[in-house]
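# Results of the structural survey
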Amino acid sequence: PGNGYEAWLQYRRADRGTNDERFTEYHHIVASVQDEVMRSAVDELSDGLKGITGRSVSITEDAVSTPCILLGIFGASKAIDQAIDADTARAVKAEGFAIQTDSLTRNIAVGAATSAGLLYGVFHLLRIMGAGGAADRLSLVENPVNPLRMINQWDNMDGSVERGYAGKSIFFENNRITGNLERIKDYARLLASCGINAIAINNVNVHRVESRLLTEFLPEVAKLAEIFRSYAIKLFLSINYASPMELGGLPTADPVASDVREWWRLAASNVYAAVPDFGGFLVKADSEHRPGPFTYGRDHADGANMLAEALKPYGGIVIWRCFVYNCKQDWRDRTTDRARAAYDHFRQLDGSFMDNVILQIKNGPIDFQVREPVSPLLGAMPRTNQMIEFQITQEYTGQQRHVCYLVPQWKEILDFDTHLQGMGTPVKRIVDGTVHGNPYSGFAAVSNIGDDTNWTGHPLAQANLYGYGRLAWNPELSSEEIAGEWITLTYGNREPLYGIIQDMLMSSWEIYESYTAPLGVGFMVNPDHHYGPNVEGYEYSPWGTYHYADCHGIGVDRTTATGTGYTSQYAGPNREMYESPATCPDELLLFFHHVPYTHPLHSGKTVIQHIYDTHFEGAERAERLLAAWERVKEHMDEEAFRQVADRLAEQAEHAKEWRDRINTYFFRKSGIADERGRTIY
Ligand code: GCU
């Protein structure tokens, strides 16, 4: 208790608002367990009820007393078919569920078409109970909006986690797969509880040892798959494109070479022998020094299709990442624009990928910055499966030392209207597969967990993992609703605690943005580890991430008229909106335009005054976050309080460093003083 390990699955009795008494009569579960997923559902419900009601729980196959909680599959459970009418049952899709309270008996029925649906139904019911909802009026149907709801671990087998800020890997240590399967199981529970149904367990950068997950480590991979299977989560592996050479000793990894194709066919057949429901391969190829088909003069479709063919007989899929760009660019070269790269590489390949290939596209064209426009590749390939990739781990958003609740950012991206099929073609409808009728689509995101006891280092960063899952399940949920659920399940819903944390979370992204890189320009971080301010950290580097500040102005001209032409990758109205500084939204101005410091924003301020104001305010607001947290002290466990307080203190200090570096830099470049005469160095 207090150490954060149980996260949002605490099932505590105390402090559950006004209604928790309503559930104390439920301590009897009726279910006949058919498989391991249903076993998990029943176990979870039993543990959850025990915690919430404080009573011991009985489980029987038939109802022996009322009120009880009935679990069952439609058509297989008489009790469920009686409790839930046929029309409601028909509305429940493969992973969905219905929950219904009988007003006479007060029995709660959870019905689903599959045991996965039942598991999600149980977690949903426990969420309602944990929030003190009313049991007597339950009548709901839920179906996940996105077919794939995936987590990508960036874990390496030496135990390190790429861009991990919460300790070491829970999956690997000393170049072996962990023996601590309890922790893996608890992770599976956390993921399943918010609707995740797929996981790639190793980093997309696959090095020598990790390549062998496909071969000698398969028996242990199978053990992990077994755990995830019992929570309805499919296991995927990131693969090394050069495996036929590195593991198979072949002279080439050319996707059209028949021995290479044969090598992958055999590899797939071995994987499926060990893990019959294996999900497939996640691939980072021809990206940041990773091998790929380019070496052999082939394109991404050749590469992906070769793997897809090997997986096809088993129902497996290839998830091919579109994070492909020139990372050895010359900063003097103004014609190459990294933002264009994904679209320029992939768009032309529309229609040439097999139907079990999905392209995984980062939410923005650069790299998970605090503010970026939406990737124009999303939706631009009507004949190709696509999924969106988010980053839960806070690489560029404070590395879990700063609080930054990312759900509002993801919501903005999902709600963005691409106009690709006229008005009303938002990103969320593209990635859920409805716009183009794709067989595969959905969400992927880089996990933010490690072996820290509380999983995420910063306790408030748990809200991002939870929120990601909930949003993948239903992108219509609001940021406030999701934050509210998380706070209630984690800290309880009593005031003033609830309101204080809600305000902190809801303002945190804006605060972080306000004291870091301004107006969508990005980066300004220290090279390599990406923590902390360094305005020119990437200005003369080969990574393609520049802001071009001089004594007159700042920003990247990505217009079609005078710049790199990136704006032309958007559909009509968006292209026009971004093309002109008059219509470009303020928050993205410097992503699209190079403007003088005196350029007036829509807000009425000049660019330079905006920079000063937001940085002074941002640092003050970061300090106020700490002050706000002090007010919850008396309402929570000492350890839980301290974990957040320490980090907020660091954030407040570090925000000042950001403020002073950025303000000083631009004051010295522009020579323009702050209108309000505040201290700039
Ligand atoms: C970023 C990140 C890398 C990561 C890469 C990727 O560039 O800094 O660590 O490997 O994204 O998404 O592949």
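Our subject is the structure listed above.
Below or above, wherever it landed, is the structure these notes cover. Values in this document were obtained by computation on a predicted structure and should not be read as measured data.

## Observations regarding the overall build of the protein
When its secondary structure is counted, the protein shows 20 helices and 18 strands. Seen through its C-alpha atoms, the protein measures out along the principal axes to roughly 80 × 65 × 50 Å. Taken across its 681 residues, the protein has 63% of its residues classed as buried. In the protein, the proportion of contacts linking residues at least 24 apart, taken out of those at least 6 apart, comes to 72%.

## Considerations on the nonpolar core
Counting 216 residues, the largest nonpolar core has Tyr-187, Phe-228, Trp-264, Trp-320 and Trp-629 as its most contacted members. Among the elements that take part in this core, helix α19 (residues 607-630) stands out by supplying 11 residues, more than any other. Cys-68, Ala-89, Val-92 and Ala-98 belong to the second largest nonpolar core, which has 10 residues in total.

## A look at the side chain of Ser-238
Following the sequence through the fold, Ser-238 ends up in strand β11 (residues 234-239). For Ser-238, a relative accessible area of 3% gives the class buried. Of the polar contacts made by the side chain of Ser-238, one reaches the backbone oxygen of Asn-202; its length is 2.7 Å.

## A closer look at helix α14 (residues 462-473)
With 12 residues, α14 should reach 16 Å at 1.5 Å per residue; the first-to-last C-alpha distance of 17 Å fits that figure. Of the residues making up α14, those classed as buried are Gln-462, Ala-463, Asn-464, Leu-465, Tyr-466, Gly-467, Tyr-468, Gly-469, Arg-470, Leu-471, Ala-472 and Trp-473.

## Details of the site of the ligand
Taken together, 13 residues lie around the ligand, and Glu-162, Lys-284, Arg-321, Lys-362 and Glu-395 are the ones closest in. The contact in question runs from an oxygen atom of the ligand to an N or O atom on the side chain of Glu-162, over 2.4 Å. For the ligand, an oxygen atom lies 2.6 Å from a polar atom in the side chain of Glu-395. Relative to its unbound accessible area of 320 Å², the ligand is 95% covered by the protein chains.

## Some details on the sheet that holds strand β14 (residues 357-362)
Read around the barrel, eight strands follow the order β7-β10-β11-β12-β13-β14-β15-β16 and close on themselves; strand pairing throughout is parallel. Neighbour-to-neighbour, the strand axes of the sheet open up by a mean angle of 25°, direction not taken into account. Relative to β14, strand β13 (residues 317-321) runs parallel, the two being bridged by four bridges. Looking across to β14, one finds that Val-318 is bridged to Val-357. Helix α7 (residues 218-229) contacts β10 (198-200) and β11 of the sheet and is inclined by roughly 140° relative to β11.

## Describing the environment of Ile-611
Looking at where Ile-611 falls in the secondary structure, it is placed in helix α19. What makes Ile-611 buried here is its relative accessible area of 0%. Residues Ile-611 and Asn-663, 52 residues apart in the sequence, show an inter-C-alpha distance of 7.1 Å. Beyond its immediate chain neighbours, meaning those up to four positions away, Ile-611 contacts Pro-518, Ile-662, Asn-663 and Phe-666.

Reading guide: rules and limits
Residues numbered from 1 in each chain as written. Predicted model: local features only at pLDDT ≥ 70, side-chain atom pairs only at ≥ 80, totals over all residues. Heavy atoms only, no water. Helix = DSSP H or I, 4+ residues; strand = E, 2+ residues; numbered from the N terminus. Buried < 20%, exposed > 50% of the residue type's maximum accessible area, 1.4 Å probe, protein only. Contact = heavy atoms within 4.5 Å. Core = buried A, V, L, I, M, F, W, Y, C linked by side-chain atoms within 4.5 Å. Polar contact = N/O pair within 3.5 Å; in protein donor to acceptor, adjacent residues only side chain to side chain. Expected span 1.5 Å × (residues − 1). Near = heavy atom within 4 Å. Areas by Shrake-Rupley, 256 points an atom, 1.4 Å probe, with all protein chains shown as cover. Pairing = 2+ DSSP bridges. Axes fitted to C-alpha atoms, helices over the stretch in contact; angles between N-to-C directions.

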